[in-house]
Amino acid sequence: MEIGSNLMVRTIHQKGETRKLRIIPRTLDSPMVKDGLEAVSLLNNIEPYFVVGGIATQSYIPTSCRRETSDIDLCLVRPLNYRTFKDMVKPLIEYLQDLKYGVNTQKGKTFGLEYTSIEGDSILIEAPKRNEHNVEKNRAILEREFEHCKEKIIEERSKTYRVISPEDIVTPKLVRVINSLKRKPHLGGYFPVRVESLS
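Described below are features of the structure shown in this document. (Residues numbered from 1 in each chain as written. Predicted model: local features only at pLDDT ≥ 70, side-chain atom pairs only at ≥ 80, totals over all residues. Heavy atoms only, no water.)

What to know about the environment of Gly120
Using the following cut-off: A run of DSSP states H or I qualifies as a helix once it reaches four residues; a run of E qualifies as a strand once it reaches two. Both are numbered from the N-terminal end.
Residue position: Gly120 is located in the loop between β6 (110-116) and β7 (122-128). When the C-alpha positions of Gly120 and Gly102 are compared, they lie 9.0 Å apart, and in sequence the two are 18 residues distant.

Some details on the pattern of salt bridges
Applicable threshold: What makes a salt bridge here is a side-chain nitrogen of Lys or Arg within 4 Å of a carboxyl oxygen of Asp or Glu, nothing more. When a residue's accessible area, from a 1.4 Å probe over protein chains only, is under 20% of the maximum for its type it is buried; when over 50% it is exposed; and in between it is partly exposed.
Using the criterion set out here, one finds 12 salt bridges in the structure. Salt-bridge contacts for Arg157 lead to Asp35; the nearest nitrogen and oxygen are separated by 2.6 Å. Residue Arg157 is found in the loop between β8 (150-153) and β9 (160-163), and its partner Asp35 is found in helix α1 (residues 31-40); the two are separated by 122 residues along the sequence. Relative accessible area serves as the criterion here: at 24%, Arg157 is assigned to the partly exposed category. Classification of Asp35 as buried rests on a relative accessible area of 12%. For Arg66, the salt bridge goes to Glu155, with nearest N and O atoms at 2.6 Å. Of this pair, Arg66 sits in the loop between α2 (53-58) and β4 (71-76) while Glu155 sits in the loop between β8 and β9, and the two are 89 residues apart along the sequence.

Notes on the packing of aromatic side chains
How we decide: The aromatic pairing rule takes the rings of Phe, Tyr and Trp, using the six-membered ring of Trp, and pairs them if the centres are within 6.5 Å, calling planes under 30 degrees apart stacked, those over 60 edge-to-face and the rest tilted. In this analysis the charged atom, NZ for Lys or CZ for Arg, is taken to sit over a ring once it is within 6 Å of the ring centre and within 35 degrees of the ring normal.
Tallying each qualifying case throughout the model produces four aromatic pairs. With centroids separated by 6.4 Å and ring planes inclined at 40 degrees, the aromatic side chains of Phe50 and Phe146 adopt a geometry described as tilted. Of this pair, Phe50 sits in strand β3 (residues 49-52) while Phe146 is found in helix α5 (residues 132-148), placing the two residues 96 residues apart along the sequence. Accessibility expressed as a relative area gives 0% for Phe50, which makes it buried. Here the aromatic cluster, defined as three or more aromatic residues joined through ring pairs, consists of Tyr82, Phe85 and Phe111. It is Arg162 that lies over the ring of Phe146; its NZ or CZ is 4.6 Å from the centre.

A word on the nonpolar core
Note the following rule: To define a nonpolar core, start from buried Ala, Val, Leu, Ile, Met, Phe, Trp, Tyr and Cys residues and group those joined through side-chain atoms within 4.5 Å. The contact criterion used is simple: two residues touch if any of their non-hydrogen atoms lie within 4.5 Å.
Grouped together as the largest cluster of nonpolar side chains are 42 residues, with contacts concentrated most on Val51, Ile72 and Leu74. With five residues, α1 is the largest single contributor of residues to this core. Setting aside residues up to four positions removed in sequence, Val51 forms contacts with Leu37, Val40, Ala56, Ile72, Asp73, Leu74, Tyr161, Arg162, Val163 and Ile164.

Looking at the state of the cysteines
To keep things clear, this is the line we draw: Criterion for a disulfide: a pair of cysteine sulfur atoms within 2.5 Å.
One pass over the full model with this rule turns up zero disulfides. Of the cysteine sulfurs around Cys149, a residue in no disulfide, the closest is that of Cys75, at 9.6 Å. A relative accessible area of 10% places Cys149 in the buried class.

Spelled out as structure tokens, the structure:
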């Protein structure tokens, strides 16, 4: 099936395959990912943002250990609806268009800015929907994570982006692994009580 400007949609998914349509997973070493991070760097000192997820993890490990991902995930310490998201990414859109990318915004479970190369390859810059109640409920955690995030230089380039700290990556990942393993009854006995209450 074909969509838009000669971009193919995958209709069959293998177990473990990314669910992002039209996107080839990449690492932080990809020039296309670096272009996206340069666009994100325009938010420095303007928005209370930091990069999370796969790109954040890759920011702390060598090339040989990097696992491909299909997006650049942002976390913001403020409410975000689709209108405010579109306002926030206007300078990113202009920057990416100047680099000859096709750009569009989208909303679903998250808000996304998809940028597409002339060859038809795409990447997403995503941010979660957040209302005032959600921000207030999580404000202490978000502000602490923002306060402890690091500034990283985009490799082989001069611009920087804000990224969540390593310790704030590790704990949620451990909780996810433990919860996944706990769903398998035959593995339940391997966890000490202290680990059970980690989350």
